[in-house]
Structure formats: structure tokens, C-alpha cells
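# Reading the structure
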2 protein chains.
Amino acid sequence: MAVTIRDVARASGVHISTVSRTFSAPHLVNPETRSRVLATAEQLGYRPNRAARALITGRTHNIGLIVADIANPFFPPLIKAAETHARRRDYHVFVADTDEDPIVEADLVQALAKQVDGILLCSPRMTDDQIEQLRREVPLVVINRMITGLPAVVMDVGQGARSAVRHLLDLGHRHLVYLSGPRGSWTNREIRRAAGATARAAGADLTVLGPHQPVTSAGAAAAEAVLATGATAVLAYNDLMAIGLLQALQDRDVAVPGEVSVVGIDDIAASVLVRPQLTTVANPTAAAGRAAVDMLLQQGDDGSTGQINLHTDLVIRNSTGPGPYLPAGATTAEVAAYVKE
Amino acid sequence: MAVTIRDVARASGVHISTVSRTFSAPHLVNPETRSRVLATAEQLGYRPNRAARALITGRTHNIGLIVADIANPFFPPLIKAAETHARRRDYHVFVADTDEDPIVEADLVQALAKQVDGILLCSPRMTDDQIEQLRREVPLVVINRMITGLPAVVMDVGQGARSAVRHLLDLGHRHLVYLSGPRGSWTNREIRRAAGATARAAGADLTVLGPHQPVTSAGAAAAEAVLATGATAVLAYNDLMAIGLLQALQDRDVAVPGEVSVVGIDDIAASVLVRPQLTTVANPTAAAGRAAVDMLLQQGDDGSTGQINLHTDLVIRNSTGPGPYLPAGATTAEVAAYVKE
DNA sequence: CCGTTGTCGGCAAACGTTTGCAGCAGGTTA
DNA sequence: TAACCTGCTGCAAACGTTTGCCGACAACGG
């Protein structure tokens with residue numbers, strides 16, 4: 001059937017071990033022999049059988065990537081970056097989707113465990129205990145969650161939330177709402193904490209609403225509750241919810257940012273497609289994907305369990321404007337200048 | 001290290017072949033023995049080593065899924081459906097991204113070929129010849145492209161384009177533009193052909209602009225050219241381009257659908273997030289993903305090479321309105337009624 | 001009681017690699 | 001000249017399964 005190491009050996013008049021070494025330890029074989037073997041291999045169209053290799057080395061050269069929801073536009077850029085980066089290191093990536101369900105999540109890790117060299121766990125919804133448990137079965141790198149002793153890549157969403165809240169405070173808002181994300185999300189806790197602390201320190205109010213599924217419909221559904229609080233500015237767990245809210249407010253003829261300012265988190269592509277364009281916190285998702293792959297791959301070598309914290313950026317667009325404390329006629333341009341000071 | 005079939009055999013006092021059979025051919029082993037083996041296997045936490053199994057059976061229980069761009073919101077629902085469906089059949093999915101580059105595409109198929117039981121090639125940009133070539137190396141199912149003799153799942157985008165054009169004609173438009181997608185896209189040719197034929201049959205004009213990359217920026221960049229044609233309605237290769245165009249028109253104070261109507265294709269999530277909401281052709285992407293997986297899996301059994309054509313639906317929203325032939329004051333509601341007739 | 005049939009389980013040979021060990025040639029050192 | 005490297009290659013044993021073949025044994029019909 002397929003051409004094996006044995007065919008190449010026969011055709012080039014060497015032992016199979018020499019062929020094997022030509023590929024897996026080239027420095028151990030005479031350059032002359034090597035090029036001869038390489039030539040016949042090329043000619044015969046030989047491709048190493050990864051299953052056989054995996055069987056003996058114990059390394060599959062595959063990694064698993066588990067995300068909450070592929071259809072959530074936050075993830076694709078991360079998946080893409082991780083996949084490309086892994087392939088450059090001769091690894092392939094299994095992508096799986098948990099539908100935001102912690103049970104499915106645990107099952108998936110179990111199922112993939114024996115078939116990959118490690119798993120990237122992205123925004124997991126499991127408990128810390130569960131994750132530490134699973135770590136004993138397979139190397140893990142967690143993305144967007146900090147667990148002591150576990151290698152992790154997080155985007156500094158706390159800092160992002162602080163910037164966002166400060167931006168709103170600077171605009172004069174004194175009563176804010178935080179639209180909570182899903183239960184079990186570490187990111188959600190971080191944002192809530194950071195936003196709460198920042199608001200409190202400035203003597204402003206922050207009302208927390210939620211939890212919500214991180215989708216547009218949940219954001220839209222929260223509109224009534226938001227208005228009921230009387231707040232003039234909203235920070236949402238993610239852009240999808242922020243966008244949902246944005247549109248529900250428009251449907252109710254509530255002006256954004258005239259009456260209510262809205263800030264999202266993630267900076268997904270759609271955030272520049274809606275009107276007004278969304279002020280949001282940009283996350284370096286691609287960088288996170290790459291960093292996580294690197295971390296996972298070198299975790300095998302040494303036993304290092306570093307934690308990487310990536311910087312996030314507030315991107316000010318048009319969904320935020322002056323709050324009640326500023327002169328009513330101030331334009332966003334003036335406000336932008338004001339914010340700079 | 002890991003618990004193997006041998007450990008289970010020893011612990012339950014049978015030969016390894018019996019253990020193997022309890023898993024891969026249960027009917028060949030005595031129910032009593034079977035349950036005993038199963039029990040000890042469970043207790044020891046035994047998991048079959050897929051590499052070893054693959055080595056001897058030649059089936060990896062993996063499939064590859066190659067798409068043009070994971071970050072294009074058209075693909076994630078398809079990926080998600082394929083992945084979930086495959087897992088239900090005990091298959092795992094490798095996802096890879098070609099960045100719309102036919103060379104990368106060919107490389108990826110080669111790289112994955114030996115490691116999977118088959119590949120789902122989604123909206124390929126390669127030539128038909130190349131694809132037929134690759135088919136000799138690995139079972140293939142093509143999505144969104146029709147090649148004689150090759151198993152394929154396509155969404156009937158021709159029919160979608162016809163509905164879209166007819167909708168525009170019914171609204172009174174007489175000069176249409178088709179905003180072409182990327183070079184090498186079968187879908188693009190189909191749409192162009194169907195749209196052209198439909199317009200021509202009605203005695204209307206259809207100007208083709210392009211090719212373009214299937215992204216929002218390309219749609220926006222085409223705005224000038226569109227206006228220069230003097231057309232009153234535009235069909236775009238996909239929603240991203242349509243949305244880009246929509247916004248570029250708004251930036252130029254061109255009213256949509258007042259002065260120009262815009263129709264997209266795909267019905268991505270963002271098409272209801274923009275204002276006006278986009279009239280578009282909904283594609284059954286999830287169904288396509290599932291169908292393709294099934295087709296690939298049973299391709300191994302018999303040698304069947306069916307082709308499936310999935311129905312598409314025109315979704316009329318607010319980006320289309322009456323053309324110059326209708327009374328200027330007609331509202332979209334009246335027009336919708338008119339279209340029904 | 002013998003022969004036949006059928007069920008079950010063991011034996012051992014694969015599958016395509018990697019890798020520790022040993023051999024061998026040629027060169028260097030003592 | 002002996003002893004010892006050094007660089008290269010061959011040998012063979014793994015890795016954890018699956019599976020064709022055969023033997024053991026029980027049941028059954030004649």
C-alpha cells in the first residue's frame with residue numbers, strides 16, 4: 001500500500017534504521033548517505049507514519065483546543081492563530097466545542113487526553129478542582145483563567161475593565177451597570193471585581209446584573225433591567241452582549257451614547273459594524289493563542305508552569321459619551337480631548 | 001505508565017486477545033467473560049491506545065476539515081456542526097485554515113493526508129485538476145463546489161442568487177450589480193451565472209465587479225465603483241462584502257434601501273446587527289457540515305460518490321426596497337406585500 | 001458412543017516506526 | 001604497536017493493538 005521506511009531502505013541500499021535516523025536524527029548519518037536516502041524518499045513519495053511514530057515515542061504531535069463556542073466570534077481568531085502556530089512546529093490541532101457546558105467540557109478533555117500531547121483549555125467553565133484533577137491525566141494550559149500552579153495565558157481583562165470604568169467616570173458617569181457573563185467564568189469575576197473596585201474608589205455606583213449567556217439576545221433581554229436601574233453607562237461582559245443591548249436600546253428610542261453609554265469587551269469584528277461603533281476593550285487573542293501553544297509545547301521539556309498576562313487596550317469609539325455631569329452640549333470630540341487630560 | 005490491554009488481561013485472567021475482542025468485537029466473547037473484562041478495564045481506567053489501533057487497522061478515526069478562513073463568520077457554524085457530528089461517531093476533527101491561498105490549501109491536504117481517514121474540503125480555491133489529483137491520495141468530500149465524479153455537498157447558491165435577483169426585479173430594479181467574490185471560487189461562478197441569466201431573462205442589466213476578497217473592507221472599497229455604474233441594486237458574493245458596502249454607502253450619505261438596495265449571501269449572525277438589517281440568502285451551513293461528515297464516513301464503506309444539493313432561502317430584511325419603477329412613496333411594508341403576489 | 005457442529009479463547013504474527021547496543025573502519029594518542 | 005576514540009551503520013527489541021488460525025470443549029444427532 002503506502003510506501004514505508006522499509007521501501008526507502010531497500011531502494012537506497014541501507015538499513016531501515018538509517019532511513020529512520022535520516023528523518024529523526026539527521027546529524028547521526030553521513031551527509032552523503034543522508035542525501036541519497038532523502039532523494040529516494042522524495043522520489044518514492046515517502047511520508048512517515050505518525051501513528052507508528054506516536055506508538056513508540058509516546059508523542060502524538062497533536063494538541064487539543066477546547067473552546068466554549070466556536071460560533072462566538074471571540075474564538076476564531078484565537079483558534080486560527082493557535083492552529084497556524086502549531087503547524088509551524090509540526091503539530092496539528094483538534095478543535096472542540098463545549099457549548100458552554102462544563103460537563104461536556106470535562107468529557108472532551110477525557111476523550112482527547114490519550115490522543116494529544118496536551119490540551120489548551122480556553123475560558124473553561126469547570127471548577128478549579130475539576131481542572132486540577134484533569135491536569136493529572138494530560139498536560140494542560142489554561143487560557144483566560146488563573147489557577148495557582150497551573151500554566152496559564154490570560155488577557156488582563158481586569159486592567160481592561162479598569163480602563164473602561166475610568167473612561168466612563170471621566171465622562172462624568174456616576175451610576176454604572178455591569179452586565180455579568182456566564183456563571184463559572186473567571187474572566188467574568190475579574191471584570192466584576194475590577195470594575196466594582198474602580199467605581200467604588202471614585203465614589204460611583206456599580207450595579208451588577210446577571211448572570212447572562214454571552215450572546216446578543218441576552219444583552220437585548222437585559223435592556224429593561226438596565227433602564228430600570230437608572231444608570232447612565234453600561235459595561236458588558238463581552239461585545240456580543242453589548243451589541244445586543246445597543247440595539248435593544250435603539251429599539252426603545254434610547255439614544256446611545258446620548259442617554260446611555262455602552263462599553264463592550266473583546267473588540268470582535270462586528271463591533272465596528274454596528275452604529276454607533278462600539279467602545280470596547282481589545283484583547284490580543286491571536287497572541288494568546290500563540291503563547292499558549294508555545295507554553296504547552298515547552299511544558300513537556302522542562303516542568304515550568306509560567307503564567308502570562310497579556311495587555312489589553314481600551315478602544316474608544318462612538319458608543320460612549322458624556323454623562324450627566326458634563327455640559328449637555330459637549331460633543332464627543334470635545335469629550336475625547338477632555339479624556340486625554 | 002498508562003494502563004494497557006495487557007494489564008487488563010492480567011488482572012482479569014484472560015489473554016490480551018480476549019480483552020481486545022471485548023472492545024472491538026464484543027459478540028465474539030462470552031457475555032460473562034465480557035462483563036468481567038469490562039469491569040476490570042473500568043476499574044483500572046483503561047483507554048484503548050488509538051495510535052496502536054490506527055497502526056494495525058489503518059484507520060485513524062480522525063478527519064480533516066480545511067476551510068478558507070476560520071475568522072470568516074460563515075465557517076464557524078459549519079465547523080461546529082461537523083465537529084459535533086463527527087464526535088458522535090467517534091471521530092475527531094482537525095481544523096485548518098488556508099488564508100484563502102490555494103497553495104497553502106494543497107500543502108495542508110498533503111500534510112493531513114496520512115493522518116486522517118478523509119478530508120472535508122470546504123470552498124476550495126484550487127483548480128478541479130488539483131483536487132482530483134489529491135483525491136488519489138486521500139478520501140475527499142468537497143463542500144460548496146461541484147466536480148463531476150467527486151462526492152460533494154453544496155448549498156444551492158444558484159437558486160439563492162435567482163431568488164435574490166428576482167426579488168430585486170420584482171421591486172422594480174432594472175440595473176443590478178454583482179460584487180464578485182474571490183478568484184477560484186466555484187460558488188462565485190455559480191452566483192454570477194445564475195444572477196446574470198435571471199437578470200437577462202427579465203431584460204435587466206447586470207454589471208459584474210470584481211474579483212474581491214470576501215471581506216468587509218473589499219465591499220467598502222467597491223462602493224465608488226458601484227455608484228459609478230448607476231445601478232440601483234447590488235448582490236454581493238457574501239454578507240461580509242454586503243455589510244462593508246452598506247456602511248460605505250451610508251458614509252457617503254447614499255440611502256439604503258432608498259437609493260440603492262443591497263443583498264448579501266450567507267446570513268451570518270452579523271447581518272441582523274447592522275442597520276438596515278441585511279436582506280440575504282440563508283445557507284444551511286450546519287446541515288452541510290453534518291452531511292459532509294456522513295458522506296465521508298460512508299465513502300469508506302461503499303465507493304459511493306453522491307452529491308448533495310441543499311436548499312437555500314432568501315431572507316428579506318430591510319436593505320432592499322423599491323426600485324425606480326415603483327411609486328417613490330411606497331413603504332417597505334407595501335413592497336413586501338407586493339412581493340408576495 | 002462416535003462424529004459433527006459451534007462457541008470461545010489462546011497463540012503469534014503482523015502494523016511502521018524508534019532507539020540502545022554493538023560492530024567496524026579509520027584516525028589519534030601514548 | 002597497542003589502546004582508545006569518533007563517526008557511521010546494522011541489528012533487534014520494543015510500542016499497544018488487531019486478527020487469522022487452531023485447539024479445547026460442550027452439545028447434539030444418529
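For the structure itself, consult the block above.
So, here's what we can say about the structure.

What follows deals with the packing of helix H2 (residues 16-24) of chain A against helix H3 (residues 31-44) of chain A. Residues and elements named next belong to chain A. Taken N-terminus to C-terminus, the directions of H2 and H3 make an angle of 90 degrees; their axes are 10 Å apart at the nearest point. As summarised for this structure, H2 and H3 are arranged roughly perpendicular, according to the angle between their axes. Contacts between H2 and H3 pair Thr18, Val19 and Thr22 from the former with Thr33, Arg34, Val37 and Leu38 from the latter.

Now for the pairing of strand S4 (residues 140-143) of chain A. All names here are of chain A. Side chains of S4 alternate between two faces, with Leu140 and Val142 and Val141 and Ile143 buried alike. Note: strand S3 (residues 119-122) against S4, four bridges, orientation parallel. Considered in S4, the bridge of leucine 121 is made with valine 142. As defined by bridge partners, S4 adjoins strand S5 (residues 152-155) across two bridges and the pair is classed as parallel. Looking at the pairing, valine 142 lines up with alanine 152 of S5.

Moving on: the sheet that holds strand S7 (residues 205-209) of chain B. Residue and element names in this part refer to chain B. Pairing in this open sheet of six strands is mixed, and the strands run S7-S6-S8-S9-S10-S12 from one edge to the other. Pairing within the sheet leaves two strands with one partner each, and these edge strands are S7 and strand S12 (313-315). Averaged over all neighbouring strand pairs, the angle between strand axes comes to 20 degrees, with direction disregarded. Summarising the sheet, strand S10 (residues 279-282) and S12 pair through three bridges and their orientation is antiparallel. Bridge pairing links valine 281 to leucine 314 in S12. Across the face of the sheet, helix H8 (residues 157-170) comes into contact with strand S6 (175-179), strand S8 (233-236), strand S9 (261-266), S10 and S12 while running at roughly 165 degrees to S9. The sheet strands contacting helix H12 (residues 239-251) are S6, S8, S9 and S10, and the helix crosses S9 at an angle near 155 degrees.

Definitions and cut-offs
- Residues numbered from 1 in each chain as written.
- Chains lettered and ligands numbered in written order.
- Predicted model: local features only at pLDDT ≥ 70, side-chain atom pairs only at ≥ 80, totals over all residues.
- Axes fitted to C-alpha atoms, helices over the stretch in contact; angles between N-to-C directions.
- Helix = DSSP H or I, 4+ residues; strand = E, 2+ residues; numbered from the N terminus.
- Parallel < 35°, antiparallel > 145°, perpendicular 65-115°, else oblique.
- Contact = placed C-beta atoms within 7 Å.
- Buried ≥ 20, exposed ≤ 12 C-beta atoms within 10 Å, placed from the backbone.
- Pairing = 2+ DSSP bridges.

That's the geometry; what it means functionally is another story.
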